[in-house]
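Summary of structural features
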Amino acid sequence: MAIQKSMLANIGGVTHANAYTQIAEIRITTLNTQHHVQIAWESYANAAARSKGNDEARQMTIMGGTYIVPADDIATYFADSVLLPADKSLWGQAYTWLKTQNDVGLDIDWTTGTTDV
């Protein structure tokens, strides 16, 4: 599972029309009864640059980051009451959540122009 969308590279300022973004890590921690979710993502120039299945051929990322999911969104996307009855996965929900975000700081609007690949 991944997202394809046009993206400006962090270094060099080149726009990649078919940038390939994958979620690299989902970290869920619990402190007392409060859950915390972090989602780390990385983008490649295209799917071939990601070179799925061949780590030695993988190219450098063009962009990446980590988001901290707000508590309200954790309840909406990652609570057991959401995941278990609908047979949803953490990974699928992380992509669903990501596509609701507009990152003004990185100038990435995940809500538009995304294609699941």
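See the structure printed just above.
Let me sum up the structure you'll find in this document. (Residues numbered from 1 in each chain as written. Predicted model: local features only at pLDDT ≥ 70, side-chain atom pairs only at ≥ 80, totals over all residues. Heavy atoms only, no water.)

1. Here's the deal with the side chain of His16
Defined as follows: Runs of H or I in DSSP of at least four residues are treated as helices and runs of E of at least two as strands, each being numbered from the N terminus. For this analysis, residues touch if any pair of their heavy atoms sits within 4.5 Å.
Here His16 shows up in strand β2 (residues 15-31). Setting aside residues no more than four positions away along its own chain, His16 makes contact with Lys5, Ser6, Met7, Ala9, Ala45 and Ile62.

2. Here's the deal with the packing of aromatic side chains
Two aromatic rings are characterised by how far apart their centres lie and by the angle between their planes. The criterion, for reference: Two aromatic rings, drawn from Phe, Tyr or Trp (for Trp, its six-membered ring), form a pair once their centres lie within 6.5 Å of each other, and the interplanar angle then sorts them: stacked below 30 degrees, edge-to-face above 60, tilted otherwise. Buried means the residue's accessible area, taken with a 1.4 Å probe over protein chains only, is under 20% of the maximum for its type, while exposed means over 50%, and partly exposed covers the values in between.
In total, this model carries 4 aromatic pairs according to the counting rule given. Ring geometry for Tyr67 and Trp97: centres 6.0 Å apart, planes at 70 degrees, overall edge-to-face. With a gap of 30 residues between them, Tyr67 in strand β4 (residues 63-69) and Trp97 in helix α4 (residues 90-98) connect regions that are remote in the sequence. The residues Tyr67 and Trp97 share a single accessibility class, namely buried. Here Tyr77 and Phe78 contribute two aromatic rings whose centre-to-centre distance is 6.5 Å and whose plane-to-plane angle is 50 degrees, an arrangement assigned as tilted. The class of Tyr77 is buried, set by a relative accessible area of 15%. Chaining the aromatic ring pairs together yields one cluster made of Trp41, Tyr67, Trp97 and Trp110.

3. A short note on the pattern of salt bridges
Condition: Whenever a carboxyl oxygen of Asp or Glu lies within 4 Å of a side-chain nitrogen of Lys or Arg, that contact is scored as a salt bridge.
By the definition in use, this model includes 3 salt bridges. Across the salt bridge formed by Asp55 and Arg58, the nearest N and O atoms sit 2.8 Å from each other. Exposure remark for Asp55: the relative accessible area of 57% places this residue in the exposed category. With a relative accessible area of 30%, Arg58 lands in the partly exposed category.

Without other data, these values stay purely geometric and don't point to any function.
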